[in-house]
Amino acid sequence: MKEWRPTAPREDLERIWPYIPGRHRSEIIRDHGIADVLKLASNENPLGPSPRAIAALADLAAIAHHYPDSQARELREALAGRHGLTPEQIVIGNGSVECIDLVARAFLRPGDEAVVGSPSFPRFQIACQVVGVRPTVVPHREWRFDLEGLREAVNERTRVLFLDDPCNPTGTLIPRDDLAALLDDLPPEVLVVLDRAYYEFVPEGERFEEDLDRIRSGANLVVLRTFSKAYGLAGLRVGYAMTRPEHGRALNRVREAFNTSSIAQGAALAALDDDAHVAETVAVTASERAWLGGQLDRLGLEFIPSRTNFLFTDLGARAAAIDRGLIERGIVIRPMSAPCIQPWARISIPARTGGKRFVRALEEILG
Ligand SMILES: Cc1ncc(COP(=O)(O)O)c(C=O)c1O
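All of the points below concern the structure found in this document. (Residues numbered from 1 in each chain as written. Predicted model: local features only at pLDDT ≥ 70, side-chain atom pairs only at ≥ 80, totals over all residues. Heavy atoms only, no water.)

### Some details on the packing of aromatic side chains
Centre distance and the angle of the planes are the two values used to describe a pair of aromatic rings.
Piece 1. This model, assessed by the stated rule, comprises 10 aromatic pairs.
Piece 2. Ring geometry for Tyr19 and Phe121: centres 6.0 Å apart, planes at 75°, overall edge-to-face. Placement of Tyr19 in the segment before helix H1 (25-32) and of Phe121 in the loop between strand E3 (113-118) and helix H5 (123-130) is noted, with a sequence separation of 102 residues between them.
Piece 3. Assessed through its relative accessible area of 30%, Tyr19 is described here as partly exposed.
Piece 4. Ring geometry for Trp143 versus Phe312: centroids 5.1 Å apart, planes at 80°, classification edge-to-face. Of this pair, Trp143 sits in the loop between strand E4 (136-139) and helix H6 (147-153) while Phe312 sits in strand E10 (residues 310-314), placing them 169 residues apart in sequence. (Phe/Tyr/Trp six-rings, centres within 6.5 Å; stacked < 30°, edge-to-face > 60°. Helix = DSSP H or I, 4+ residues; strand = E, 2+ residues; numbered from the N terminus. Buried < 20%, exposed > 50% of the residue type's maximum accessible area, 1.4 Å probe, protein only.)

### Focus: the pairing of strand E6 (residues 191-195)
Piece 1. Most of E6 is tucked away: five of the five residues are buried.
Piece 2. The alternating pattern of E6 places Leu191, Val193 and Asp195 and Val192 and Leu194 on opposite faces, both of which are buried.
Piece 3. In the sheet, strand E5 (residues 158-164) pairs with E6 via five bridges, with the strands oriented parallel. The residue bridging Asp164 from the neighbouring strand is Asp195, located in E6.
Piece 4. The parallel pair E5 and E6, bridged by helix H7 (residues 176-185), forms a crossover whose chirality is right-handed.
Piece 5. Chirality of the crossover, the property in question, places the unit of E6, helix H8 (residues 210-216) and strand E7 (residues 221-226) among those that are right-handed. (Pairing = 2+ DSSP bridges. Right-handed = clockwise from strand over helix to strand, strands pointing away.)

### Considerations on the sheet that holds strand E12 (residues 334-335)
Sheets are built from strands paired through backbone hydrogen bonds, the pairs being either parallel or antiparallel.
Piece 1. If you trace the four strands from one edge of the open sheet to the other, you get E9-E10-E13-E12, paired in antiparallel fashion. Looking at the sheet topology across the chains shown, the edges are occupied by strand E9 (303-304) and E12.
Piece 2. In the sheet, E9 pairs with E10 via two bridges, with the strands oriented antiparallel. The residue bridging Ile304 from the neighbouring strand is Phe312, located in E10.

### Let's talk about the sheet that holds E5
Piece 1. Strand order in the open sheet formed by seven strands is E2-E8-E7-E6-E5-E3-E4, and the pairing between neighbours is mixed. Looking at the sheet topology across the chains shown, the edges are occupied by strand E2 (90-93) and E4. When strand polarity is set aside, the average angle formed by the axes of neighbouring strands in this sheet is 20°.
Piece 2. The pairing of E2 with strand E8 (residues 239-242) spans four bridges and is classified as antiparallel. Its bridge partner being in E8, Val91 is matched across the sheet by Ala241.
Piece 3. Of the strands in this sheet, E5, E6 and E7 touch H7, which is tilted by about 170° from E5. (Axes fitted to C-alpha atoms, helices over the stretch in contact; angles between N-to-C directions. Contact = heavy atoms within 4.5 Å.)

### Overview of the site of the ligand
Piece 1. The full set close to the ligand counts 13 residues, and Ser96, Asp195, Tyr198, Thr226 and Ser228 are the nearest of them.
Piece 2. In the environment of the ligand, an oxygen atom lies 2.7 Å from a nitrogen or oxygen atom belonging to the backbone of Ser96.
Piece 3. For the ligand, the accessible surface in isolation is 400 Å², of which the surrounding protein chains cover 94%.
Piece 4. Its residues assigned to classes, the shell around the ligand shows four nonpolar, five polar and four charged. (Near = heavy atom within 4 Å. Polar contact = N/O pair within 3.5 Å; in protein donor to acceptor, adjacent residues only side chain to side chain. Areas by Shrake-Rupley, 256 points an atom, 1.4 Å probe, with all protein chains shown as cover. Nonpolar A, V, L, I, M, F, W, Y, C, P; charged D, E, K, R; others polar.)

### What about the packing of helix H3 (residues 73-83) against helix H10 (residues 262-272)?
Piece 1. Where H3 contacts H10, the two axes come as close as 9 Å, and the packing angle between them is 25°. Our classification of the angle between H3 and H10 gives roughly parallel. Here H3 runs over H10; the crossing is left-handed. Residues Glu74, Leu75, Ala78, Leu79 and Arg82 of H3 form the contact with H10, whose participating residues are Gln265, Ala268, Leu269 and Leu272.
Piece 2. Taken together, the residues of the contact of H3 with H10 break down into six nonpolar, one polar and two charged. (Parallel < 35°, antiparallel > 145°, perpendicular 65-115°, else oblique. Left-handed = near helix turned anticlockwise from the far one by under 90°.)

### Describing the packing of helix H4 (residues 96-107) against helix H9 (residues 245-254)
Piece 1. At a closest axis distance of 9 Å, the pairing of H4 and H9 adopts a crossing angle of 100°. One way to sum up the angle between H4 and H9 is to call them roughly perpendicular. Facing H4, whose interface residues are Leu102, Val103, Arg105, Ala106 and Phe107, H9 presents His247, Ala250, Leu251 and Val254.
Piece 2. For the contact of H4 with H9, a count of residues per class yields seven nonpolar, one polar and one charged.

### Comments concerning the pattern of salt bridges
Piece 1. Enumeration according to the criterion identifies 24 salt bridges in this entry.
Piece 2. For Asp275, the salt bridge is made with Arg82, and the minimal N-O distance between the two is 3.1 Å. Taken as a pair, Asp275 in helix H11 (residues 275-298) and Arg82 in helix H3 lie far apart in primary sequence, 193 residues in all.
Piece 3. The exposure class assigned to Asp275 is partly exposed, which follows from its relative accessible area of 43%.
Piece 4. Take Arg82: its relative accessible area is 38%, and that puts it in the partly exposed class.
Piece 5. Its salt-bridge partner being Arg307, residue Glu206 comes within 2.5 Å of it at the nearest N-O pair. Of this pair, Glu206 sits in the loop between E6 and H8 while Arg307 sits in the loop between E9 and E10, and the two are 101 residues apart along the sequence.
Piece 6. Using a relative accessible area of 30% as the deciding quantity, one classes Glu206 as partly exposed.
Piece 7. Among the residues examined, Arg307 registers a relative accessible area of 26% and is labelled partly exposed.
Piece 8. One salt-bridge network, in which partners are shared between bridges, spans Arg109, Asp112 and Arg159. (Salt bridge = Lys/Arg side-chain N within 4 Å of Asp/Glu carboxyl O.)

### A short note on the nonpolar core
Inside soluble globular proteins, nonpolar side chains tend to come together where they are buried.
Piece 1. Of all hydrophobic cores here, the largest spans 49 residues; its most connected members are Leu161, Leu163 and Phe227.
Piece 2. The greatest single-element share of this core, amounting to five residues, is contributed by H10.
Piece 3. Those residues in contact with Phe227 that sit more than four places away from it in its chain are Leu75, Leu79, Gly232, Leu233, Ala234, Val238, Gly239, Tyr240, Ala268 and Leu272.
Piece 4. The next biggest cluster of nonpolar side chains, apart from the first, holds 24 residues, and it includes Ile100, Phe107, Val193 and Leu251. (Core = buried A, V, L, I, M, F, W, Y, C linked by side-chain atoms within 4.5 Å.)

Below, the structure written as structure tokens:
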């Protein structure tokens, strides 16, 4: 009888930090017997999906036996029209997180360098590590990207610089002029990934409106956007990259052909048409963020002013007890696991009912 021996995976996989998503509702239901879970750990949309997306989902269910359009043509055309780009400049991902992986796979070779700020979206580092690149990590200064430090970390081996702006988990935005200066100063062959997952939540006057102009004029930029946050479709997994056409072709080379489902493509298309739902989401988020901030102030918990749908909050010495107490009450926040950002936590902005429940629970726990 043949004796099986497991094939050893790459040794370096052991060094990749696993991405730990917010606890899923089902875990809380199963472990704590609480049916009504308030999840404030993944920056989901408290208003839910656009009614137009829900209607599209119902229609599309009947064609679930069809393969999706591997090119997502309709969605790409709609996005290209909206952003003033060509469809060749849009690449659809299974969530924008897939686009991060596509960039790493298409542009990074072992021995290349990539630069990331810290703390920022952990998937940047993971994507690099998966392709055998150890990212150069530049710590933030006062919870903001250290732009000078990032520039200094770029050398002749650097191929990609990853920035999430606004930044997850801090919620801060790079001032427009500072970002423009950094982009202008970088060596021209360095590809900059600007992850704009929270773009819609940034007040108009503060937005870096040059993203698309720069892409149109041929800058080495990949701008990422997602349907998971303001568009409320996190469960469907749709995001996209906007970039130069030749970069688009490179990303498509490494993309799995059927990476997004027909249901996801169709719902995203419908959601894109519902500007009112996005506007309401943004307005509710802004007012509830102000309200929740006031409550955290009252309870003596420090947080960083945010341009997103979450608040990065210092839970102090009682962080573990707060997290435990919230979980026991069916409320999930996102305590930070990296030592440099403990005992901070990321708290998604809920609608008012959820907000009141969260604040009541905090009051009970803090006594
Ligand atoms: C900065 C940033 N980028 C990307 C994502 C992932 O978004 P998606 O659901 O589109 O994969 C997130 C989600 O939390 C995020 O915070």
